[in-house]
Amino acid sequence: MIFPNAMLGMLGGGQLGRMFTLAAHSMGYRVTVLDPDPLSPAGAVADVHLKAAYQDREALQLLADSCAAVTTEFENVPAESLRWLANHCIVRPAGDAVAVAQDRIREKAFFRACGLGVAPYAVIETAADLAQADAALLPGILKRARFGYDGKGQASVASMGEASAAFVTFGSDACVLERRIDLACEVSVVVARGAQGATCVFPVAENQHRHGILDVCIVPARIAPALATEAERAAMLIATRLNYVGVLAVEFFVTGGGELLVNEIAPRPHNSGHYTIDACATSQYEQQARALCGLALGDTLLLTPVVMVNLLGEAWAGGVPDWRMLFDNPRAKLHLYGKHEARPGRKMGHYTVLGGTVEAALAEALALRAALCPAFALAAA
Ligand code: ATP
Ligand code: MG
């Protein structure tokens, strides 16, 4: 076990790293963040901020020498850096597990090997693969196999001609062509697996997206209990089969026919798990610190229904939102990430609203958004 006052290393300095750092600090740990961005949200609160590239051998050596254990918040962190670090200090999750999540082709093959359902798809590595692809995959979505996030590296395609054009736009990099699913809703499960192999899930979250980016997250998800149990089991199976240590998020589609399909995994805490900070006995970030340090996992009990709303750069279009409206509501909790520039699509912060029921929390959360960012709420209608 790694005890408080030890230095923990974090690869990546985004908001997930920032919230990890805040949780680790409150437990008495110190944190070193590696991120090249001098203005990174996590770097701003860390004890030490190494401003270097993720492959920088000198910076990695410093991390290895000064940290008892290293983790990541950034899914595209080079798996090679994790593997190198693992020869020098504790690294959780392992580079091999992260590598699966970094490549949609490997990821989908892995889900299938676990016996889990996925959306019908074809691997597209060359133009010839597209020519041979099943027309039943249309209308579909062409997704780059690597380096996608928030819907980037994806194109909606209605014909093979459109798919070919999109493939060229993506530099003929390896892709998957995925059938567009008729969605009843989307859900996700954040699961933690401890160093001794115990797994523990947070309550299932229901996720609403806008333009491929998570918008609103509703907990508990309004799905049948049997489906929620199926999602939790799938998440624990994935963590176990990956021999994963740390916090992992699994995104699912629920089809119109009520079937559960695995969409993708993220080898880190997740945007859809932010609600755990305000509404669970243990947050996903405390859980990440616990798993990293070899401690027992914390209780994931949901203390109250909760709704989270993402605050993207668009919310700043009419100037800084009037935070008084949020602070006037005793059940609303604001979290800002300390980003200096509000660009469209950029995740600037989020808020949660705690409620007696999920419907009450949702109504209040949406009313707050309409008041806070009228232009943004209008665009959604
Ligand atoms: P993120 O990293 O933010 O989760 P991403 O870029 O990795 O996003 P996906 O999760 O694959 O991308 O897709 C983003 C969203 O686009 C999904 O949550 C879903 O709303 C929609 N989407 C993706 N694939 C499909 C599909 N096959 N059928 C229907 N909707 C889809
Ligand atoms: Mg996704």
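Rules of the game
Residues numbered from 1 in each chain as written. Chains lettered and ligands numbered in written order. Predicted model: local features only at pLDDT ≥ 70, side-chain atom pairs only at ≥ 80, totals over all residues. Heavy atoms only, no water. Domains from an automatic or database assignment. Contact = heavy atoms within 4.5 Å. Buried area = accessible area lost by both parts, 1.4 Å probe. Salt bridge = Lys/Arg side-chain N within 4 Å of Asp/Glu carboxyl O. Polar contact = N/O pair within 3.5 Å; in protein donor to acceptor, adjacent residues only side chain to side chain. Core = buried A, V, L, I, M, F, W, Y, C linked by side-chain atoms within 4.5 Å. Buried < 20%, exposed > 50% of the residue type's maximum accessible area, 1.4 Å probe, protein only. Helix = DSSP H or I, 4+ residues; strand = E, 2+ residues; numbered from the N terminus. Pairing = 2+ DSSP bridges. Axes fitted to C-alpha atoms, helices over the stretch in contact; angles between N-to-C directions. Donors = N, O, S within 2.8 Å, 3.2 Å for Na, K, Ca; no water. Near = heavy atom within 4 Å. Areas by Shrake-Rupley, 256 points an atom, 1.4 Å probe, with all protein chains shown as cover. Nonpolar A, V, L, I, M, F, W, Y, C, P; charged D, E, K, R; others polar.

Section: the domain arrangement of the protein
Point 1. Domain annotation of the protein identifies domain 1 (7-91), domain 2 (120-179) and domain 3 (183-376).
Point 2. In this complex, domain 2 contributes four residues to the contact, which on the side of domain 3 involves six residues.
Point 3. Buried area between domain 2 and domain 3, both sides added, is near 320 Å², and the carbon and sulfur share of it is 37%.
Point 4. It is Lys143, Asp150 and Glu178 in domain 2 that bury the most area against domain 3; as a group they hold 83% of the surface buried on that side.
Point 5. Between domain 2 and domain 3 we count zero salt bridges in total.
Point 6. Viewed at the interface, domain 3 and domain 2 are joined by zero residue pairs in polar contact (both at pLDDT 80 or more).

Thoughts on the nonpolar core
Point 1. If you look at the biggest cluster of nonpolar residues, it comprises 36 residues, and the most contacted ones within it are Val187, Ile223, Ile238, Leu248, Val250, Phe252 and Ile265.
Point 2. Put simply, the parts of the chain that give this core at least two residues each are helix 4 (95-101), helix 5 (104-113), strand 10 (183-193), helix 8 (225-241), strand 14 (246-255) and strand 15 (260-266).
Point 3. If you tally residues by element for this core, the top one is helix 8, at seven residues.
Point 4. Shared between two domains, this core takes at least three residues from each, and those domains are domain 2 (120-179) and domain 3 (183-376).
Point 5. When residues no more than four places from it in sequence are discounted, the contact partners of isoleucine 265 are Glu75, Ala101, Glu107, Phe111, Ile238, Leu242, Leu248, Ala249 and Val250.

Some details on the sheet that holds strand 3 (residues 48-50)
Point 1. An order of 3-2-1-4-5 is seen for the five strands of this open sheet, with the pairing classed as parallel. Strands at the two margins of the open sheet, each flanked by one partner only, are strand 3 and strand 5 (90-91).
Point 2. Of the strand pairs in this sheet, strand 1 (residues 7-11) and strand 4 (residues 69-72) are connected by four bridges, and their pairing is parallel. Of the residues in strand 4, the one forming a bridge with leucine 8 is alanine 69.
Point 3. Strands strand 1, strand 4 and strand 5 of the sheet are contacted by helix 10 (residues 284-292), whose axis makes an angle of about 140° with strand 4.

Notes on the coordination of the magnesium ion (ligand 2)
Angles at a metal have ideal values that depend on geometry: 109.5 degrees with four tetrahedral donors, 90 or 180 degrees with six octahedral donors.
Point 1. Around the magnesium ion (ligand 2), the donor atoms from the protein are Glu251 (OE) and Glu264 (OE), and they sit 1.9 to 2.1 Å away. Remark: glutamate 264 occurs in strand 15 and glutamate 251 occurs in strand 14; sequence separation between them is 13 residues. Glutamate 264 matches glutamate 251 in its accessibility class, with the two residues each being buried.

Section: the site of ligand 1
Point 1. Near ligand 1, the surroundings consist of 20 residues, among which Lys143, Gly151, Gln154, Glu186 and Glu264 are the closest.
Point 2. With respect to ligand 1, the side chain of lysine 143 contributes an N or O atom lying 2.8 Å from an oxygen atom.
Point 3. Between ligand 1 and the protein, one listed contact pairs an oxygen atom with a side-chain N or O atom of glutamine 154 at 2.7 Å.
Point 4. Here ligand 1 has 610 Å² of accessible area as a free molecule, and 91% of this is covered by the chains.
Point 5. Elements with a contribution of two residues or more to the shell around ligand 1: strand 7 (140-144), strand 9 (175-179), strand 10, strand 14 and strand 15.
Point 6. Considering only residue class, the shell around ligand 1 consists of five nonpolar, five polar and ten charged.
Point 7. Both domains that meet at the shell around ligand 1, namely domain 2 (120-179) and domain 3 (183-376), each give it at least three residues.

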